[in-house]
Amino acid sequence: MRLELLLPTLAALLVTFLTPAPDPAPIAAPVPAPASTWPVGSRPAVVRGWSPPATAYGAGHRGVDLTAAPGAAVRAVAPGRVSFAGRVAGRGVVAVELDGTGDPPLRTTYEPVRATVKKGDTVTAGASVGVLERPTGHCPTSCLHWGLLRARTYLNPLTLLPPWLLHHGPSRLLPLRGPLPTLLSLREPPGPVEPGLSPGRPAEPWPRPPP
């Protein structure tokens, strides 16, 4: 396997073991959907999804890769405290412990990132933590590797996103105004209607939930 493909895994493992281990305690389940923004862009494409390894040192993908151009702003997805900002295996890495996500807290990681924050800084959701560095060969194109951990357990970072942010809004039927016979007896004949569409008044744009 090419060395550059292993670098994110090595970086993630080093960040994990540079973080002090908590006292032995049952690991709580991840808090559902505390994020309110993507770390890059508004709805970036997922180049590679989360594929947890079978063992601590096994092969797998300990995060998700999101398309983004070099120099793009990298944002904290939720409020928290910067627990690491530096270089690991030649890559810039930022880690943020998320507020209100239990003990030990959830921790998000972002790489390769040139940090604009330092360890101990507090950040709000959407606050910049750095800029994306140039491609390293981990992805076919430039990408951000986004990870999520609780203690030393890797989790799927996409579970942080609420459904309205992760997916498009649900389907909505076009509203009908008045009984169907009234609509069909308009003074001016309606234009051609695509199969399956209501001849009624078009729906207003689907309202985007507040962040």
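Refer to the structure printed above.
Conventions we followed
- Residues numbered from 1 in each chain as written.
- Predicted model: local features only at pLDDT ≥ 70, side-chain atom pairs only at ≥ 80, totals over all residues.
- Heavy atoms only, no water.
- Helix = DSSP H or I, 4+ residues; strand = E, 2+ residues; numbered from the N terminus.
- Buried < 20%, exposed > 50% of the residue type's maximum accessible area, 1.4 Å probe, protein only.
- Contact = heavy atoms within 4.5 Å.
- Phe/Tyr/Trp six-rings, centres within 6.5 Å; stacked < 30°, edge-to-face > 60°.
- Lys NZ or Arg CZ within 6 Å of the ring centre and 35° of its normal.
- Pairing = 2+ DSSP bridges.
- Core = buried A, V, L, I, M, F, W, Y, C linked by side-chain atoms within 4.5 Å.
- Axes fitted to C-alpha atoms, helices over the stretch in contact; angles between N-to-C directions.
- Salt bridge = Lys/Arg side-chain N within 4 Å of Asp/Glu carboxyl O.
- Polar contact = N/O pair within 3.5 Å; in protein donor to acceptor, adjacent residues only side chain to side chain.

> How would you sum up the overall build of the protein? Please name residues and give values.
In terms of regular secondary structure, the protein is built from three helices and 11 strands. Counting from the amino terminus, helix and strand elements in the protein follow one another as α-β-β-β-β-β-β-β-β-β-β-β-α-α. A total of 211 residues make up the protein; the buried ones form 39% of that total. Contacts spanning at least 24 positions in sequence make up 67% of the contacts within the protein whose residues lie at least 6 apart.

> Run through the packing of aromatic side chains, naming residues and quoting values.
Enumeration over the complete set of coordinates arrives at one aromatic pair. The ring of Tyr154 has Arg62 sitting right over it, with the charged end atom 5.6 Å from the ring centre.

> So what's going on with the pairing of strand β6 (residues 106-111)? Residues and values would help.
In terms of residue burial, β6 counts as a mostly covered element, since six of its six residues are buried. Relative to β6, strand β5 (residues 91-98) is paired through four bridges, and the arrangement is antiparallel. By the bridge assignment, Ala95 is partnered in β6 with Thr109. In terms of strand pairing, β6 meets strand β10 (residues 143-150) through six bridges, oriented antiparallel.

> Residue-level account of the nonpolar core, with values.
By size, the foremost hydrophobic cluster in this structure holds 29 residues, and its most contacted members are Val74, Tyr110, Val129, Trp146 and Leu160. Among the elements of the structure, β2 (64-67), β5, β6, β9 (128-132) and β10 are those that each provide at least two residues to this core. Those residues within four positions of Leu160 in sequence are excluded, and the remaining contacts are Ala33, Pro34, Ala35, Val77, Leu98, Leu106, Thr108, Trp146 and Leu148.

> Quick rundown of the sheet that holds strand β3 (residues 73-75)? Include the residues and the values.
Taken together, the three strands give an open sheet; going across it, the order is β3-β9-β7, and neighbouring strands pair in antiparallel fashion. The sheet is open, and its two borders are formed by β3 and β7 (113-115), each paired with just one other strand. Strand-to-strand twist of the sheet, defined as the mean angle between neighbouring strand axes without regard to direction, takes the value 40°. For β7 and β9, the ladder comprises three bridges, and the chain directions are antiparallel. Directly across from Arg114, in β9, lies its bridge partner Val131.

> Describe the pattern of salt bridges, and please don't skip the residues or the numbers.
Going through the model one piece at a time under the given rule, you end up with four salt bridges. Between Arg91 and Glu111 there is a salt bridge; the shortest N-O distance is 3.9 Å. Here Arg91, found in strand β5, pairs with Glu111, found in strand β6; they are 20 residues apart in sequence, far enough to count as distant. Accessibility classification places Arg91 together with Glu111 in one group, the buried group.

> How would you sum up the environment of Ser128? Please name residues and give values.
With respect to the helices and strands, the residue Ser128 is situated in strand β9. If sequence neighbours within four positions are ignored, Ser128 has contacts with Val74, Arg75, Thr116 and Val117. One polar contact links the side chain of Ser128 to the main-chain amide nitrogen of Gly130, over a distance of 3.5 Å.

> Which residues make up the pairing of β9, and what values do they have?
Two faces belong to every sheet, and in a regular strand the side chains alternate between them. Of all the five residues making up β9, four are buried; the element is thus mostly covered by neighbouring parts of the structure. In the sheet, β3 pairs with β9 via three bridges, with the strands oriented antiparallel. Within β9, the position partnered with Val74 by the bridge is Gly130.

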